[in-house]
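Examining the three-dimensional arrangement
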Amino acid sequence: MMKKTLSILIIALSAAFSLRGADMPVERIFVSTDREVYIAGDMVWCSLFCLNGEGKLASASAVSYLELISSEGTVVEAKVGLLEGRGAGSFRIPITVPTGTYRLVAYTSANVNEDGTPWMAGSRILTIFNTLSADRVKDGCSIVDDATYKSMNKEVVASAGDLVFNSTARVRKGADVGVLVQNHGPLADFSISIYHEDEVVPAPQDNTMSSFLKSIPSGAHPHFTGDRALEYDGEIITAKVSGTMSSQTDYSVTTLSSAGSPSNLYIGVTDNDRVRFMTNNIYGDREIVCEVSTLDRTDGSIEFENPFIYPSPGELPKLSLNKSQYGDLSARKAALRAEKPLRIDTLATMLRHREDLLLESSPRTRFHLDDYNRFPSVKEVLIEIIPILSLRRENGENVMRITVTDGTEAYRTRVGNLLVMMDGVVLTDLDLLLDFDAMLLEDVDVYQQAVVCGKVSYSGVANFITKKNYVTALSFPANVRVVDFKGVSYPVAYYGEAPEGEGVDLRQVLYWDPSMRVEAGGQARINFRAPAYSGSFRAVADGIAADGTPVHHEWTFDVE
């Protein structure tokens, strides 16, 4: 029955993968960031607006791919989840990138299916200086004299939309600041950043929200190749499988699980020599484990495919270098060093995002092993501490069973088909668990209710939790692959809280909200703490109104 169900599913998915032409959604992504100028090592916070062919927020794709590209190639890859056409994420610029200009592009699987790259109209130019190295992007910089540099000015984008910001021109160092935002037009959905603006002039932008919106009608009818699956629910992780395959049984499955998160369990669908996992987005960087039960345990091979496409950045403006930039860049370098003692990384606020709640709503019984007499073997732990789990031998293999009840304790029975995990990773070979040092186990979580994952159901779940995520250090057979996985970036905002650590407050970014919404005729308030140094600061709001028109507003103020 299992084979028949999977065969039907494969046929349906194959049909979906071959969608072409009008069946493909038109998607265009505009990228806004917290700043335009960075130094190597800085965090980049970004906000994505995914629009359809009508210029309205799209709801098709659930994940987007970001690449930071210079004329020499991609230097950063990241993934950002999309929810109702909006996304937020972050990445850190490597300290090894050379000084120059870069293009930050975002695309979806629908964009990958297009011929050409008209979807890059919403990309963003970032200016990056490396304060630790003299390396520069090849042919990407030019040295200009003092007079030329002084004549250069940052381009100011004209205001658009009906937002009014009740801001002040001067604030005191360390003061609490409040800004009232009023919307005299339709609902506005925008990002807003408040950051220190020094004398470093960024390379000119070649895209604005206004120009991006104008580009959609002319590029809304692309030719689609249909080579890549659409990602409506989350990232589709694909792996190529090679080696000897045994004959499938009704119970053969391919699993993908994530170390540290038992809810990140997915059942794969095999298509010739590839297996696909339809995820709801796996967030954060973590180790994932793929097991193909029908693959030979000695000569099998599993290779995950790279979802990034490494497009050309197109024409990039040259970065003008001048000795007058030295002082401002030194101040930025000092601010970056001050982030850790000020505990800046603890001030981010998690935003709404897609989550896979496989086990989150299921009641569990936790056995914290330090509350009991410790035993050196897992078998002894099961016998002495967790009697609702039992081991037995069937057909020469160890099998674990679980005691289930009808809830009133009137009916109890032991059943098989138990999902056994270690640190959230599926273990079909129980010898790996039984050979593990039980003194390294911290907890055992037991779920005595049936769990359904995809087309597969389990009578219960037992998750053996180690003290330091030791599961990925196990010696798995060849039909299991463990890889470092770069997941979807957690969407976060920084609402201007004051740092809690020690040191001088040298924050460059005072406030960042990637998805602020103000209803038609409504208002909102922005609160933030001014830093401990004097300087000029700029606030930039970028977004789109409910009627499809651009929203943009900038203002400056001084901290004294």
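Residues numbered from 1 in each chain as written. Predicted model: local features only at pLDDT ≥ 70, side-chain atom pairs only at ≥ 80, totals over all residues. Heavy atoms only, no water.

1. Side note on the pairing of strand 1 (residues 28-33)
To keep it simple, the criterion reads: Partly exposed residues are those whose accessible area sits between 20% and 50% of the maximum for their type, while under 20% is buried and over 50% is exposed, using a 1.4 Å probe and protein chains only. The helix and strand labels rest on DSSP assignments: H or I over at least four residues marks a helix, E over at least two residues marks a strand, and numbering proceeds from the N terminus. Whether two strands pair depends on DSSP finding at least two bridges between them.
Summarising burial for strand 1: six of the six residues are buried, a large majority. The side-chain alternation of strand 1 yields two buried faces, one formed by Arg-28, Phe-30 and Ser-32 and the other by Ile-29, Val-31 and Thr-33. Here six bridges tie strand 1 to strand 3 (residues 43-51), and the two strands are oriented antiparallel to one another. Paired with Arg-28 across the strands is Leu-51, a residue of strand 3.

2. Observations regarding the confidence of the model for the protein
Applied cut-off: The predictor's confidence in any single residue is recorded as pLDDT, a number from 0 to 100. Here, two residues are considered to be in contact whenever any of their heavy atoms come within 4.5 Å of each other.
In the predicted model, the protein carries a mean pLDDT of 90, and 92% of its residues have values of at least 70. In this model residues 1-21 is a low-confidence stretch, pLDDT under 50, and it forms 29 contacts with partners more than four residues away in sequence or in other chains.

3. A few points about the sheet that holds strand 10 (residues 163-166)
Just so we agree on the cut-off: In this description, a line fitted to the C-alpha atoms serves as the axis of each element, helices being fitted only across the stretch in contact, and the angle between N-to-C directions of two axes falls anywhere from 0 to 180 degrees.
What the three strands build is an open sheet, ordered 10-12-36; its pairing is antiparallel. A single partner strand is all that each edge strand has here, and the edge strands are strand 10 and strand 36 (523-529). Along the sheet, successive strands turn relative to each other by an average axial angle of 20°, direction set aside. The sheet contact formed by strand 12 (residues 176-183) and strand 36 spans seven bridges and is antiparallel. When the sheet's bridge partners are listed, Asp-176 is paired in strand 36 with Arg-529.

4. A short note on the pairing of strand 3
Taken across its nine residues, strand 3 has eight buried, putting it largely inside the fold. As defined by bridge partners, strand 3 adjoins strand 6 (residues 86-92) across seven bridges and the pair is classed as antiparallel. Of the residues in strand 6, the one forming a bridge with Trp-45 is Ser-90.

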